[in-house]
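Each chain is listed here by its residues.
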Amino acid sequence: MRLETKFVQAGNRRDATGAVSFPVHRATTYAHPALGQSKGFDYTRTQNPTRKVLEEAVAEFEGGVRGFAFSSGMAAVHAVCSLLAPGDRVVASDDLYGGTYRLFEQILRPLGIQCTYVNTSDLTAVSAVLPGARMLFVETPTNPTMKITDIAGCAKLAREHGAWLVVDNTFMTPYLQRPLELGADLVVHSATKYLGGHNDVLAGIVVARHEALAERIGFWQNSVGAVLSPDDAWLLLRGMKTLALRMERHEQNTRRIAEWLAGHPAVTRVYYPGLADHPGREVHERQATGYGGMISFEVRDEAMIEPVLASVRVITFAESLGGVESLLTYPARQTHFDIPREIREAAGVTDRLLRMSVGIEHPDDLIRDLDQALAAAEAVVSAGLRD
Ligand SMILES: Cc1ncc(COP(=O)(O)O)c(C=O)c1O
């Protein structure tokens, strides 16, 4: 079966009743047929039927041996970090999601786990800092400057240095990119984003390529207990049925908006791997089947940021991404606020940068909305100059 079919069929007829939509099993505990016997479910933290169907589905979508559903993307990232011990070192992309950076710096570093940040688009730079590291953690495209990392190249380097390669595949989803097939050991997702797709469920996913790592993640999941609830597992299963359709439309809209923004006089820079001049385009096209629905752009003047955010009408000024509704985010003050200014700016996350999660609305409405917001912002800036 092709992925589109697998997404739609997830959970269908898996229940004894033949239900097309797999039921939500809210029971926290399950009867033992006899002493020492189990029907496969004992206690819901350890295993829950709805979560199990979801975990099997995501493992299949990503091409791994087992999947694990957590209560948030951060819980999933943290579960992956449970493979590390004091004295270990991680090498990570220098343009990471701010929450992952905060976890590395404020939770792991005090525990004696160091992190080295590097531009993972540059394999020479990666190989220079990889010796001695236990894990290589990458996002591609990065959030928010859309830098592209060669997954297969990183997998090869990680193997040579005895490190695990972890890929945060939130931006691409398994519909567009399957890192495990390119040699990664683990994939993580903030399933709150495209997998859920409707801005209504907080969830995280880990998928492991090997049984040995799956064992350890599974042990952590049950021992720490940050599992996804049955209701949220169901929402995620439901959301994923339309993943392929949504991703196609996100991308169509984003391509149009990227080209439109690139020609706008108030916009000085557009980051989108689908644009002809994107520096990582060639690598991205080798490892992914599409460019996704995330775009970042720099406006001419920082003073335009506030009026743009205040003027959008269809687009919502909000954090997060990957839902059907378009969102506009200001990374410097929101998602990347915890990253020190010098590090953030060196990675391209300037005070003039806006990130847009392009939804599946009609693209004409989105362009019209951006157009009036940029015009309103330009009017504010030129009035300020006149004063
Ligand atoms: C790329 C990426 N990874 C991880 C996370 C964390 O996920 P969550 O917010 O579901 O905990 C996010 C959240 O924005 C993200 O964008």
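Everything numeric in this text was worked out from a predicted model, so none of it was measured.

Caption draft 1: Geometry of the nonpolar core. Grouped together as the largest cluster of nonpolar side chains are 112 residues, with contacts concentrated most on Leu136, Leu186, Ile205 and Val206. Top element by residues in this core is helix α3 (residues 73-81). It accounts for seven residues. Built from parts of two domains, this core gets at least three residues from each of domain 1 (3-240) and domain 2 (243-386). For Ile205, the residues in contact, after removing those within four places along its chain, are Val58, Gly67, Phe68, Ala69, Ala76, Val188, His189, Ala191 and Leu195.

Caption draft 2: Summary view of helix α6 (residues 151-160). Along α6, the residues classified as buried are Ile151, Cys154, Ala155, Leu157 and Ala158. Around the axis of α6, the buried residues are gathered within 165 degrees of arc, so they sit on the same side. Taken together, the buried residues of α6 touch α5 (123-129), β4 (135-139), β5 (164-168) and α11 (281-287). Positive backbone phi, approximately 65 degrees, marks Gly162, located one or two places after α6.

Caption draft 3: Highlighting the domain arrangement of the protein chain. Structurally, the protein chain comprises domain 1 (3-240) and domain 2 (243-386). One C-alpha centre belongs to domain 1, the other to domain 2, and the line joining them spans 27 Å. On the side of domain 2, 34 residues touch domain 1, which itself brings 34 residues to the contact. The set of elements that each furnish at least two residues to the side of domain 1 that touches domain 2 consists of α1 (3-9), α4 (98-108), α6 and α7 (173-176).

Caption draft 4: Geometry of the environment of Phe41. If you trace the backbone, Phe41 turns up in the loop between α1 and α2 (49-62). Taking the C-alpha atoms as reference points, Phe41 and Arg26, 15 residues apart in sequence, are found 12 Å from one another. Apart from residues lying up to four places away in sequence, Phe41 is in contact with Tyr30, Gln47 and Pro49.

Cut-offs applied
Residues numbered from 1 in each chain as written. Predicted model: local features only at pLDDT ≥ 70, side-chain atom pairs only at ≥ 80, totals over all residues. Core = buried A, V, L, I, M, F, W, Y, C linked by C-beta atoms within 7 Å. Buried ≥ 20, exposed ≤ 12 C-beta atoms within 10 Å, placed from the backbone. Helix = DSSP H or I, 4+ residues; strand = E, 2+ residues; numbered from the N terminus. Domains from an automatic or database assignment. Contact = placed C-beta atoms within 7 Å. Arc of directions from axis to C-beta.

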